[in-house]
Amino acid sequence: MEEYLKETKMLNFNSAKISDLVREKGWLELDEFHKIKNIYEFVQNDILFGYNSTDILSAVEVLQDGFGQCNTKATLLMALLRSVNIPCRLHAFNVSKDFQKGALPQIIYLLAPKYILHTWVEVFFNDKWIALEGVIIDKDYLYTVQQKYTEYKGIFKKFAIATKDLETVNIAWRGNDVFIQKEAVVDDYGIFSSPDILFSKHTQNMSKIKLYLYSHIGTKMMTKRVFKIRNSKK
């Protein structure tokens, strides 16, 4: 279990910014269930759903951005969990890009690879590993999409959500697995003890030119779009 508690370059939980946050929130004083719950809710809703410039940001850099997607939120979530001595690991997959329709501008969607590298965090709680994929989408964003599709039935794959039932999906953590993009999974890369190890072996399937454009232009357009979607309910 020790490998699932280690600090790494990306999981830099001993940094001043993370140590200060943990102390400010009082997470160390909580029992195990509420450590996980409160940290999960912080990363889910205080760190809004959006697209960072790269997957390989450290936890501190994601915290500074104030928003994130599956891979970057996973890094921050892992760092915060390990900072309070909660074992966690990373589960990696390929997902099909179709569930990103609506969340991405059309030109970005067309240029995106068919499959996207995707991760979720698994936390060790009550003697078993539990998936925390629901952390990716903040509650306000999910609510807005649900309001747009109140009559939708069946598997929903749009707006960066891939779930069996949009109306009833619940991303609150109550001690069990929680998912929000699982229905887009096509390949399983397995378990990794840290994002550092994962990204040394797997990266997004894009040419250098596409990756540059995605990092410097695409992610800004994508984040602007999802922020607009979220705010459309107000």
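That block above? That's the structure.
Just so it is clear, the structure is predicted and the values come from calculations on it, not from any experiment. Here the residue numbers are simple positions, counted from 1 along each chain's written sequence. Per-residue local features of the predicted model are confined to residues with pLDDT of at least 70, and side-chain atom pairs are confined, for both listing and counting, to 80 or more; whole-chain, interface and lining totals are unaffected and use all residues. Side-chain descriptors were evaluated using all non-hydrogen atoms of the structure, hydrogens and water having been removed beforehand.

**Student:** Before we go on, may I ask you to explain the side chain of threonine 119 in this structure?
**Tutor:** Numbering of helices and strands runs from the N terminus, with a helix taken as a DSSP run of H or I at least four residues long and a strand as a DSSP run of E at least two residues long. By the secondary structure assignment, threonine 119 is in strand E4 (residues 115-125). Within 3.5 Å is the distance limit for a polar contact, defined as a pair of N or O atoms, with the added protein rule that one can donate a hydrogen and the other accept it, and that residues adjacent in sequence qualify only through two side-chain atoms. Polar contacts involving the side chain of threonine 119 include one to the side chain of asparagine 71, which spans 2.7 Å. Sequence-distant contacts of threonine 119, defined by excluding residues within four places in its chain, comprise Cys70, Asn71, Ala74, Leu90, His91, Ala92 and Leu198. Two residues qualify as a contact provided that any one of their heavy atoms is within 4.5 Å of a heavy atom in the partner residue.

**Student:** Could you clarify how one ought to interpret the side chain of serine 58 in this entry?
**Tutor:** Within the element layout of this structure, serine 58 appears in the loop between strand E1 (48-49) and helix H3 (59-65). Beyond its immediate stretch of four places on either side in the chain, serine 58 contacts Lys9, Met10, Asn12 and Thr75.

**Student:** Explain the nonpolar core to me, please; I cannot follow it from the model alone.
**Tutor:** One broad rule of soluble globular proteins: the nonpolar side chains tend to lie buried together. The set of buried Ala, Val, Leu, Ile, Met, Phe, Trp, Tyr and Cys residues whose side-chain atoms join them within 4.5 Å is what this entry labels a nonpolar core. Buried residues are those whose accessible area, probed at 1.4 Å on protein chains only, stays under 20% of the maximum for their type, while exposed residues exceed 50% and partly exposed ones sit between those limits. Membership of the largest hydrophobic core comes to 65 residues, with the highest contact counts inside it found for Ile18, Leu80, Leu81, Leu132, Tyr141 and Ile161. The leading source of residues in this core is helix H4 (residues 70-83), at eight residues. The residues touching tyrosine 141, leaving out its near neighbours within four places in the chain, are Phe49, Ala103, Phe159, Ile161, Val226, Ile229 and Arg230. The next biggest cluster of nonpolar side chains, apart from the first, holds five residues, and it includes Val95, Ile116, Ala162 and Ala184.

**Student:** Please clarify how the pairing of E4 should be interpreted in this entry.
**Tutor:** The two faces of a sheet get side chains in turn, since along a regular strand they alternate between them. Where burial is concerned, most of E4 is hidden: nine out of the 11 residues are buried. At least two bridges found by DSSP between two strands are what make those strands a pair. Of the strand pairs in this sheet, strand E3 (residues 88-96) and E4 are connected by nine bridges, and their pairing is antiparallel. Its bridge partner lying in E4, leucine 90 is registered against valine 121. Direction of pairing for E4 relative to strand E5 (residues 128-131): antiparallel, over a ladder of four bridges.

**Student:** What's the story with the pattern of salt bridges in this structure? I'm lost.
**Tutor:** Any two side chains of opposite charge can pair, so long as their charged atoms come close to each other. Salt-bridge detection follows one rule: a side-chain nitrogen of Lys or Arg within 4 Å of a carboxyl oxygen of Asp or Glu. This model, assessed by the stated rule, comprises five salt bridges. Two residues, arginine 230 and aspartate 138, come together in a salt bridge whose shortest N-O distance is 2.7 Å. Of this pair, arginine 230 sits in helix H8 (residues 208-231) while aspartate 138 sits in the loop between E5 and helix H6 (139-148), and the two are 92 residues apart along the sequence. The class of aspartate 138 is buried, set by a relative accessible area of 1%. Its salt-bridge partner being glutamate 167, residue lysine 153 comes within 3.3 Å of it at the nearest N-O pair. Of this pair, lysine 153 sits in the loop between H6 and strand E6 (156-158) while glutamate 167 sits in the loop between strand E7 (161-163) and strand E8 (185-192), and the two are 14 residues apart along the sequence.

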